[in-house]
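Descriptive structure summary
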Amino acid sequence: SQKIEQNSEALNIQEGKTATLTCNYTNYSPAYLQWYRQDPGRGPVFLLLIRENEKEKRKERLKVTFDTTLKQSLFHITASQPADSATYLCALVLMEYGNKLVFGAGTILRVKS
Amino acid sequence: GAGVSQTPSNKVTEKGKYVELRCDPISGHTALYWYRQSLGQGPEFLIYFQGTGAADDSGLPNDRFFAVRPEGSVSTLKIQRTERGDSAVYLCASSTGETQYFGPGTRLLVL
């Protein structure tokens, strides 16, 4: 069956450290993968997109990797801040279905000062 | 510019009633998506519009759910004979390409 799995437990880290979130998938062949941030009571906000032929993508303090052999994406936030505390969702993009997003359940990140 | 807006922000209804949820996409966005999100889960795809037509409605759970986008802009998600299991946050997103822009959602509670 098709599955997307993210860290099931909340990730608690100290301010200034690097947070690493994991997204694993099975039985999908996504054209690309996206990461979203979601705050309580709000809709998801797009952060980064990485294509199947890209190994790594960076944007400011964020870095995403995509390994289509391992079927895994890693999402890193360096020099984390309390304001980074949120739920982070990975989403596979299925182009053959009109860019439909298939989301994981999300990982809650808590950054403590 | 204005983002995606959804109304109402909250809706409480009784089991068996009919509800309509509205989505105003970003102006000029031809693609519009509806998702449903339950507590502790990621959004789950319901339906996708390209212009006025539903290009993919494979995520609609049953025939009580229906959505329209008559003029290729505003969309309405309609739920008939609501059930308690329909309680969730209904999210709308619009797009012109790879990135989807989400609205704040409508929190539906069926009592």
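**Some details on the overall build of chain A**
When you go through chain A residue by residue, the secondary structure sums to zero helices and 11 strands. When its helices and strands are written in sequence order, chain A yields β-β-β-β-β-β-β-β-β-β-β. Here the C-alpha radius of gyration of chain A, 14 Å, is about what a compact globule of 113 residues would show, namely 13 Å. Viewed in the frame of its principal axes, chain A has a C-alpha envelope of about 45 × 30 × 20 Å.

**Notes on unusual backbone geometry**
Note the cis peptide between Thr7(B) and Pro8(B), where omega equals -10 degrees. One can find Pro8(B) in the loop between β1 (5-7) and β2 (10-13). The phi angle at Asn27(A) is positive, at roughly 60 degrees, despite the residue not being glycine. Along the chain, the position of Asn27(A) falls in the loop between β3 (19-26) and β4 (32-38). At Glu60(A), a residue that is not glycine, the phi angle is positive and equals roughly 55 degrees. Here Glu60(A) is to be found in the loop between β6 (56-59) and β7 (62-67).

**What to know about the interface of chain A and chain B**
Counting residues at the interface gives 20 residues for chain A, matched by 20 residues for chain B. Together chain A and chain B conceal approximately 1500 Å² of surface at their shared face, both sides included; 49% is due to carbon and sulfur atoms. Where chain A packs against chain B, one counts two salt bridges. Across the pair Asp56(B) and Lys100(A) runs a salt bridge, and its minimum N-O distance is 3.7 Å.

What counts as what
Residues numbered from 1 in each chain as written. Chains lettered and ligands numbered in written order. Predicted model: local features only at pLDDT ≥ 70, side-chain atom pairs only at ≥ 80, totals over all residues. Heavy atoms only, no water. Helix = DSSP H or I, 4+ residues; strand = E, 2+ residues; numbered from the N terminus. Rg over C-alpha atoms; globule rule 2.2 N^0.38 Å. Contact = heavy atoms within 4.5 Å. Buried area = accessible area lost by both parts, 1.4 Å probe. Salt bridge = Lys/Arg side-chain N within 4 Å of Asp/Glu carboxyl O.

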